[in-house]
Amino acid sequence: MKVSVVVPCYNQEKYIASCLQSLLSQTRPADEILIINDGSTDSGMEIVAQFPEVRVVHHDGNKGLATARNTGIKEAAG
């Protein structure tokens, strides 16, 4: 069974590094980690770029949490 983790992200530069570090250090690592950039305007995506094992899906603008989750479900392999 594949495990996918979907992280909706809108202006979360303060928390995204610790979130990703935590996800990557689990005893059962996820098969994929998807960040759904929901139109962030902060430097969060620059931080995410430091994690090459993470895939980012970009929204053109802020579409809301529900849409970000649905995008993650659609894009996830697990």
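For the structure itself, look to the data block above.
Criteria and cut-off values
- Residues numbered from 1 in each chain as written.
- Predicted model: local features only at pLDDT ≥ 70, side-chain atom pairs only at ≥ 80, totals over all residues.
- Heavy atoms only, no water.
- Helix = DSSP H or I, 4+ residues; strand = E, 2+ residues; numbered from the N terminus.
- Contact = heavy atoms within 4.5 Å.
- Pairing = 2+ DSSP bridges.
- Axes fitted to C-alpha atoms, helices over the stretch in contact; angles between N-to-C directions.
- Polar contact = N/O pair within 3.5 Å; in protein donor to acceptor, adjacent residues only side chain to side chain.
- Buried < 20%, exposed > 50% of the residue type's maximum accessible area, 1.4 Å probe, protein only.
- Arc of directions from axis to C-beta.

(A) Here's a closer look at the environment of Ile-36. Among the secondary structure elements, Ile-36 is positioned in strand β2 (residues 32-37). Considering only alpha carbons, one finds Ile-36 and Ala-76, 40 residues apart in sequence, at a separation of 11 Å. Ile-36 has contacts with Val-6, Val-7, Pro-8, Cys-9, Val-57, His-59, Ala-68, Thr-71 and Gly-72, leaving out every residue within four places of it along the chain.

(B) View of the sheet that holds strand β3 (residues 54-58). Reading across from one edge, β1-β2-β3 is the order of the three strands in this open sheet, with parallel pairing throughout. Whereas interior strands pair on both sides, the edge strands pair on one side only; in this sheet they are β1 (4-9) and β3. Pairwise comparison of adjacent strand axes, ignoring direction, gives a mean angle of 25 degrees for this sheet.

(C) A look at the side chain of Glu-32. Its location among the elements puts Glu-32 in strand β2. Only 2.6 Å separates the side chain of Glu-32 from the side chain of Ser-4, close enough to count as a polar contact. Apart from residues no more than four positions distant in its own chain, Glu-32 is found in contact with Val-3, Ser-4, Val-5, Arg-55, Glu-75, Ala-76, Ala-77 and Gly-78.

(D) Structural detail: helix α1 (residues 16-24). Among the residues of α1, Ile-16, Leu-20 and Leu-23 are the ones counted as buried. Along the axis of α1, the buried residues cluster in a sector spanning 60 degrees; they form a single face. For α1, the elements touching its buried residues are β1, β2, α2 (44-48) and β3.

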